[in-house]
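Listed below are the residues making up each chain.
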Amino acid sequence: MAYVETLFGHQDSVSSIDCLSRERPVTAGSNDRTARLWKVPEESQLVFNGHKASIDCVKLINEENFITGSQDGSVALWSITKKKPLVSQPHHQGPLAGAPASSLEESWVTSVSAYTSTDLVASGSNNGYVCLWKCGDRLRSLEPCFSIPLGGFINALAFSHCGSYLVAGVGQEHRLGRWWKDRNAKNGIAILPLHKNV
C-alpha cells in the first residue's frame, strides 16, 4: 500500500466514505451538505446536493447508486447520473434518544448500509431504531419494509456478505460528538438475523 494522492473539494470534514471495486469512492462532507463521487484516475469529482442539514453517512449500493443519511432526519437514494436525490424519505419521527422530553427535533440518521448489488438497504438513527428499506422501481424509490427498536444511538450498520445478518453498533452517545447521553442504552453490537423468503 502506498500514498497516491490527496483530493480536495469538501468545505468541511469528511464524515463517511465508501468504495466498491472501481476507483470511484463516494464521500459525505458533513456540514457542507454535499456528497461527492471522486473519479480518481480523471482527478475530477461529481457534487450531489439535496439534504437540508449535515450528511453524516454514505454507502454505495452498486457502482451507479448510493444512499446517504442526514441530520435532517432523512435517507436519500441517489444515482451518479443525477445531482439531486432520486428520492428522499424521513427516517423516524419522535424524541431523540437521551434528549430532554421537550425536544421537538427529528431524529438524525446516524448510519446507513446496503446489501451490495441488491435492493436492500438499512438506516439507523439516534432514536434507537434500525429501518430496513427496499429500493423499488429499479432503484428509483425507497419503500420502508420494517423497523427494529434497539435503543441508544445506532452508530454503525453492516450487512454480512451472505446477507443473513445485519450488524448494528449501538452506543450511549453519538459517534461524532457528545451532545447528550442515553443512559438506558448499552454500548455494544447487535446481530440481527435476516430471513430470506424463497
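Use the structure listed above.
As the structure is a computational prediction, the values presented were derived from the model and not from experiment.

### Considerations on the sheet that holds strand S8 (residues 87-90)
Pairing is antiparallel across the open sheet formed by 4 strands, whose spatial order is S5-S6-S7-S8. The two strands at the open ends of the sheet, each matched to only one other strand, are strand S5 (55-60) and S8. The average angle at which neighbouring strand axes cross in this sheet is 20°, direction not considered. Alignment of S5 against strand S6 (residues 65-70), held across 5 bridges, turns out to be antiparallel. Bridge pairing links Leu 60 to Phe 66 in S6.

### Describing the pattern of salt bridges
Taken as a whole and judged by the stated rule, the model has 2 salt bridges. Between Asp 18 and Lys 59 there is a salt bridge, with its nearest N and O atoms 3.5 Å apart. Of this pair, Asp 18 sits in strand S1 (residues 16-18) while Lys 59 sits in strand S5; the two residues are 41 residues apart in sequence, bridging distant segments of the chain. Taking relative accessible area as the criterion, Asp 18 reaches 11% and is therefore assigned buried. Taking the relative accessible area as the measure of exposure, Lys 59 reaches 24% and is therefore partly exposed.

### Considerations on the pairing of strand S3 (residues 34-39)
For S3, the buried fraction is high: 5 of the 6 residues fall into the buried class. Bridge count between strand S2 (residues 26-28) and S3: 3 bridges; the pairing is antiparallel. Bridged to Val 26 within S3 is Leu 37. Taking the residues that link successive antiparallel strands as the turn, the S2-S3 hairpin has 5 residues, and the phi of Ser 30 there is positive, at about 55°. Bridge count for S3 against strand S4 (residues 44-49) is 6 bridges, and the pairing is antiparallel.

### Re the sheet that holds S2
Hydrogen bonds along the backbone pair up the strands of a sheet, which may run parallel or antiparallel. Pairing is antiparallel across the open sheet formed by 4 strands, whose spatial order is S1-S2-S3-S4. Pairing within the sheet leaves two strands with one partner each, and these edge strands are S1 and S4. The average undirected angle you get between the axes of adjacent strands in this sheet is 20°. Summarising the sheet, S1 and S2 pair through 3 bridges and their orientation is antiparallel. Note on S2: the bridge partner recorded for Ser 16 is Ala 28.

### As for unusual backbone geometry
Here the phi dihedral of Glu 43 falls at roughly 55°; this positive angle occurs in a residue that is not glycine. With respect to the helices, strands and loops of the structure, Glu 43 is situated in the loop between S3 and S4. The phi torsion at Asp 137 lies on the positive side, around 50°, for a residue other than glycine. If you trace the backbone, Asp 137 turns up in helix H1 (residues 136-139). Among the residues examined, Asp 137 registers a relative accessible area of 56% and is labelled exposed.

Each value, and the rule that gives it
- Residues numbered from 1 in each chain as written.
- Predicted model: local features only at pLDDT ≥ 70, side-chain atom pairs only at ≥ 80, totals over all residues.
- Heavy atoms only, no water.
- Pairing = 2+ DSSP bridges.
- Helix = DSSP H or I, 4+ residues; strand = E, 2+ residues; numbered from the N terminus.
- Axes fitted to C-alpha atoms, helices over the stretch in contact; angles between N-to-C directions.
- Salt bridge = Lys/Arg side-chain N within 4 Å of Asp/Glu carboxyl O.
- Buried < 20%, exposed > 50% of the residue type's maximum accessible area, 1.4 Å probe, protein only.

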